[in-house]
Structure formats: C-alpha cells, structure tokens
Amino acid sequence: MNNYELMVIFTPVLSEEDFKAAQKKYADLIAELGGATVHSNPWGLKSLAYPIQKKTTGIYWVLEFQGPSEINEKLKIQMLRDEQIMRHMITRLDKYAVEYNYVKRNGGFAMQDKTEA
Amino acid sequence: MAKNEIKYLTAIKQEKPKKKFCRFKKYGIKYVDYKDIEFLKKFINEQGKLLPRRLSGNSLKYQRKVQDAVKKARQMGMLPYVTDLLK
C-alpha cells in the first residue's frame, strides 16, 4: 500500500457539479480498485503559467490516496480517455512527503519556519 | 615592481561573501513540495530557470529534490518554462 498524490487539471469550461461528479467518479474508481483516498483538496479555477490546449485557466484538483502499485496504470487509462481532463500527474509520496502533507493539513506549518532567510 | 601598482598603507578589505548554507539541512526541511510555488520561486531566477547550487547554496541531495519539484510544477502549469520578469 503505497502513498500516491494525484493532481488533475480539468478544462475551465467544467461547471461546478460536473467538477464534483468527476471528483466523485475518480474517488470511487480508486476505492473500487482497492485504494483508499486520504484527502481530497479541490483548488478550483486557477490561471495557468502557460496556455495548455489553448486555455489559460484550469480547474485544479489534488487528491492524496493509498493503494497497490498497479492502481496507477488503470487510473492513467481512465484519465487519458476522459476528455474533460487536460493534464494529470500521479506522484509517489515517500514518508517525508506524507508527514509533510499531514502537518500541512493540520496547520502545523507556521509560516516562519519556511520563509527563513 | 610594476610602474602603475599603487601602494596602499593598509590592505583593501574586500568584502567577504556571506557564508552560504544549505537551508534544507539548517531548518530540517525534508520534503520539497512541488505545489508550494512561493517556496520554489526562491530557487529560480527571473527567466524561470533553476538557480545553480553555487548561487542557491543547496547541498546536492536537496538541489536534486528542488530540481524535480520545479520540473513537476512546470509540468502542471504552475511554473512557466520560460518567462521574463517572473518575480
């Protein structure tokens, strides 16, 4: 059971409930494939640093989940087929990353220890 | 002696560069999050290019972590590949 983090950029033309439906769809897909979602964090509409597929904004969604290693391949196939998704990235989290995400979620990171000199 | 060499009474005190330290070792940061753009911006210059180790002062291990965090951020459209006046 490895820890993974999935980041997805949806097309900005997506409405609010489509966005929720897509989130639910992938969360259920992960659960169905034997994974467990730890934390879902929709960022919503954000402007991109450079145009992707001729669009300058995208709806970001970050999902942290655990699962067996072969879950990613199936996820990738689904996401490549889904035309609402402009870009996706699955990263593997090592133990420092998991601890970092945990601390960040619970507001542990006071600003001063990161913006040091 | 070279004709134009000027002799000073006291040696010119050239400004000693500030001792660079690896902020990851010093502050015990273990993971470079590719989503944290403000933190990553410290390691790229105005054109969005990665700062070399001699300027950022990072140790090799953490410079590589910063490097692939910046590349992931660029891939996900959060950092530009090339720009001007980024900051």
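Overview of the structure. (Residues numbered from 1 in each chain as written. Chains lettered and ligands numbered in written order. Predicted model: local features only at pLDDT ≥ 70, side-chain atom pairs only at ≥ 80, totals over all residues. Heavy atoms only, no water.)

### Examining the interface of chain B and chain A
For the record, the criterion: Residue contacts are defined here by distance: any two heavy atoms, one from each residue, within 4.5 Å place the two residues in contact. As used here, buried area is the combined drop in accessible area, with a 1.4 Å probe, of two parts when they are placed together. A side-chain nitrogen of Lys or Arg and a carboxyl oxygen of Asp or Glu constitute a salt bridge if their distance falls within 4 Å.
Contact residues are listed per partner, giving 19 residues for chain B and 25 residues for chain A. When the area that chain B buries against chain A is broken down by residue, the three leading residues are Y31, K35 and M76 of chain B, summing to 32%. At the boundary of chain B with chain A, the tally comes to one salt bridge. One salt bridge in this structure joins K35 of chain B and E5 of chain A, with 2.8 Å as the shortest N-O distance.

### A short note on the environment of Y62 of chain B
Residue and element names in this part refer to chain B. The criterion, for reference: We count a stretch as a helix when DSSP gives it H or I for four or more residues in a row; a strand needs E for two or more, and each element gets its number in order from the N terminus. Any residue under 20% of the maximum accessible area for its type is buried, any over 50% is exposed, and the rest in between are partly exposed; the area is computed with a 1.4 Å probe on protein chains only.
By the secondary structure assignment, Y62 is in helix α4 (residues 60–75). The class of Y62 is buried, set by a relative accessible area of 6%. In sequence terms Y62 and P80 are 18 residues apart; their C-alpha atoms lie 21 Å from each other. Once residues lying within four places of it in the same chain are set aside, the contact partners of Y62 are C22, F24, K25, I29 and K30.

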